[in-house]
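The primary structure of each chain is shown beneath.
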Amino acid sequence: MSTQTWTKKDLVGIEHLNREELEIIFRTTSAFKGTLTRNVKKVPALRGKTVVNLFLEPSTRTRVAFEMAAKRLSADVVTITASASSLVKGETLRDTAQNIRALNADLLVLRHSAPGSAAYLARILDIPVINGGDGAHEHPTQALLDCFTMREHLGDLTGKKVTILGDILFSRVARSNIWLLGKLGAKVTVAGPSTLVPDTFTHMGVTVSHNLPEALADADAVMLLRIQHERQTATHFPSLGEYTGMFGLNQARAALLKPEAIIMHPGPINRGVEIDSNLADSSRSVILEQVTNGIATRMAVLYLCSGGGPDLISKQESK
Ligand code: CP
């Protein structure tokens, strides 16, 4: 086993992480997942620390998973949403963050509509900043929980075909997964209408496909993405019905995947649009497993960025 330890203060994206750092996160996630099945699910790792979740865009899964992760680590947690903050009175993000720091926060989780916002606060603040999604740029903990879930089902991802289908252009989940899957050796295809899946994505080392049968054929995993209406300023296809007709995942199209392939979605799902409702609830779907793995993943990230070392992992392995 490598002796490299985690040295980063922040997690603002996947792009600049190396393979060893990724494996440290996955090993720590596994260790914490083990603690979540015990009678006593709390560990004292962050006792006495305060995690502030500054969520300035809507969220269910990420916000709740970060809150639960912090509580399972015995931290105190404060969540701030846009409408309940003084941002609505004109305070800047910088001033908001510096005031949260002055209130003695020990870690800050940020969701914001502006790409680069988490990296910006990471430079300003002397406490760890975790990116909970910055515009269409990155959503690193989503990709980590997605790949953790894939590895549980598919093992080593080297050479595995993973197809990401839907609104790639406006998706931070797609970008973080493209970086992460590439670093793990998977073969990634991004698919959907050319307006939402431009050829420029080939620069990220993926195959771009506008031919759905080709994109789905023999895939080991397919990840559906919803249409991000909130980020689109123009019309990218004639109607939702036509999008579903051409690119929605239904039973006939799912039959093109490998028999043991898994169906994924970061949520929220728009049933009957990007995915047939029955498929979302089928035995091939791991969508709710992804959500559950989000807690251990966020525990790992909070723990490592707050300076937690590998002693927790060795304790788990010696059991
Ligand atoms: N996957 C995801 O980020 O979901 P939320 O927007 O509900 O957090």
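Residues numbered from 1 in each chain as written. Predicted model: local features only at pLDDT ≥ 70, side-chain atom pairs only at ≥ 80, totals over all residues. Heavy atoms only, no water.

Caption draft 1: Seen up close, the domain arrangement of the protein. Split by domain assignment, the protein resolves into domain 1 (19–139 + 291–312) and domain 2 (140–288). Taking only C-alpha atoms into account, the centre of domain 1 sits 26 Å from that of domain 2. In this complex, domain 1 contributes 30 residues to the contact, which on the side of domain 2 involves 28 residues. When domain 1 packs against domain 2, close to 2300 Å² is buried across both sides, 56% of that on carbon and sulfur atoms. Per-residue buried area on domain 1 facing domain 2 is highest for Phe 26, Ala 136 and His 139; these three make up 28% of the total on that side. Summed over the shared surface of domain 1 and domain 2, the number is 3 salt bridges. (Domains from an automatic or database assignment. Contact = heavy atoms within 4.5 Å. Buried area = accessible area lost by both parts, 1.4 Å probe. Salt bridge = Lys/Arg side-chain N within 4 Å of Asp/Glu carboxyl O.)

Caption draft 2: Expanded view of the sheet that holds strand 8 (residues 221–224). As summarised here, the arrangement of the 5 strands in space is 7-6-5-8-9, forming an open sheet in which the pairing is parallel. With one partner strand each, in any of the chains shown, strand 7 (207–209) and strand 9 (262–264) form the two edges of the open sheet. Sheet twist, expressed as the average angle between the axes of neighbouring strands with direction ignored, equals 20°. The sheet contact formed by strand 5 (residues 161–165) and strand 6 (residues 187–191) spans 5 bridges and is parallel. In the sheet register, Thr 163 faces strand 6, and the bridge partner there is Thr 189. (Pairing = 2+ DSSP bridges. Helix = DSSP H or I, 4+ residues; strand = E, 2+ residues; numbered from the N terminus. Axes fitted to C-alpha atoms, helices over the stretch in contact; angles between N-to-C directions.)

Caption draft 3: Region of interest: the side chain of His 112. Summarising the element assignment, His 112 is placed in strand 3 (residues 107–112). Once residues lying within four places of it in the same chain are set aside, the contact partners of His 112 are Leu 56, Glu 57, Leu 93, Ser 117, Gly 133, Asp 134, Gly 135 and Arg 172.

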